[in-house]
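Overview (structure and organization)
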Amino acid sequence: MPDEDLAREVQELRKALEELRESFAVVSQMAQAYLRLINLYAQYGGLGIEVAVPEIKHDPISREIVQILFDLKRANVSQIARELKGRRGKASRNTVRVKLKELMELGIVVEVPGERGKVYALSREVVKKWLEMIGMPIRFDQTNDY
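Residues numbered from 1 in each chain as written. Predicted model: local features only at pLDDT ≥ 70, side-chain atom pairs only at ≥ 80, totals over all residues. Heavy atoms only, no water.

Looking at an unreviewed UniProt entry, one finds the protein chain named ArsR family transcriptional regulator, with Thermococcus camini as its source organism.

Nonpolar side chains tend to gather and get buried jointly when the protein is soluble and globular. In this structure, Leu 69, Ile 80, Leu 100, Ile 108, Val 109 and Leu 122 are the most contacted members of the largest nonpolar core, which totals 29 residues. Those elements giving two or more residues to this core turn out to be helix 2 (60–72), helix 3 (77–88), helix 4 (93–105), strand 2 (117–122) and helix 5 (124–134). Among the elements that line this core, the one with the most residues is helix 5, at six residues. (Core = buried A, V, L, I, M, F, W, Y, C linked by side-chain atoms within 4.5 Å. Buried < 20%, exposed > 50% of the residue type's maximum accessible area, 1.4 Å probe, protein only. Helix = DSSP H or I, 4+ residues; strand = E, 2+ residues; numbered from the N terminus.)

All right, on to helix 2 then. With 13 residues, helix 2 should cover 18 Å at 1.5 Å per step; its first-to-last C-alpha distance of 18 Å lies within 8% of that length. Restricting attention to buried positions, one finds in helix 2 the residues Ser 62, Ile 65, Val 66, Ile 68, Leu 69 and Phe 70. Buried residues in helix 2 make contact with helix 3, helix 4, strand 1 (109–114), strand 2 and helix 5. Where helix 2 ends, the next residue or the one after it, Lys 73, has phi of about 75°, a positive value. (Expected span 1.5 Å × (residues − 1). Contact = heavy atoms within 4.5 Å.)

All right, on to the packing of helix 3 against helix 4 then. Two elements in contact, helix 3 and helix 4, have axes separated by 9 Å at closest approach and are oriented at 110°. Between helix 3 and helix 4, the crossing angle belongs to the class labelled roughly perpendicular. The interaxial crossing formed by helix 3 with helix 4 has right-handed handedness. Between helix 3, through Val 77, Ser 78, Ile 80, Ala 81 and Leu 84, and helix 4, the contact on the second element is made entirely by Arg 93, Val 96, Arg 97 and Leu 100. Per-class residue counts for the contact of helix 3 with helix 4 are six nonpolar, one polar and two charged. (Axes fitted to C-alpha atoms, helices over the stretch in contact; angles between N-to-C directions. Parallel < 35°, antiparallel > 145°, perpendicular 65-115°, else oblique. Left-handed = near helix turned anticlockwise from the far one by under 90°. Nonpolar A, V, L, I, M, F, W, Y, C, P; charged D, E, K, R; others polar.)

Right, let's talk about the pairing of strand 2 for a bit. Here strand 1 runs beside strand 2; their pairing, made up of six bridges, is antiparallel. Within strand 2, the position partnered with Val 109 by the bridge is Leu 122. The turn joining strand 1 and strand 2, which pair antiparallel and follow one another in sequence, is formed by two residues. (Pairing = 2+ DSSP bridges.)

Attention now moves to the confidence of the model for the protein chain. With 90% of its residues at a pLDDT of at least 70, the protein chain reaches an overall mean of 85. Mean pLDDT values over the elements of the protein chain span from 82, in helix 5, up to 94, in helix 4. (pLDDT = per-residue confidence, 0-100.)

Take the pattern of salt bridges next. Under the defined criterion, the tally for this structure stands at eight salt bridges. Note that Arg 8 is salt-bridged to Asp 5, the shortest N-O span being 2.7 Å. In this pair, Arg 8 and Asp 5 are both assigned in helix 1 (residues 2–44), three residues apart and thus about one turn of the helix distant. A salt bridge links Asp 71 to Arg 87; the nearest nitrogen and oxygen atoms lie 2.7 Å apart. With Asp 71 in helix 2 and Arg 87 in helix 3, the pair connects residues that are 16 residues apart, well separated along the chain. (Salt bridge = Lys/Arg side-chain N within 4 Å of Asp/Glu carboxyl O.)

Structure follows, in structure tokens:
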């Protein structure tokens, strides 16, 4: 009987040790991500989405549209124009359409089916690049957001 108790205790200790190792790995990843963020901030002076998508760096409207889609996940032209107007003071649906077309040609934005027509979202590649850049270990098979 004492041998069985000892074996059970050893097994429990092994399990606890493995859990500690897994926790340490997560903490280590978080520390690395934090250092990466500090380095990015020091290098670019900020952590805007244009760091991950340099093609929009010199186009403030496209940059704002990408940020809106990042915040809303999915939106139609009217929703984007309304949000853009709230952020910039002015916006037209025609300008939004033109910018969305340009962003789609660059592979930054994709058209996705919506309940009432066309809606737009950031491409998975852009979201993945951003999450990798900031060190977030999110797998797309675990989420339907993008």
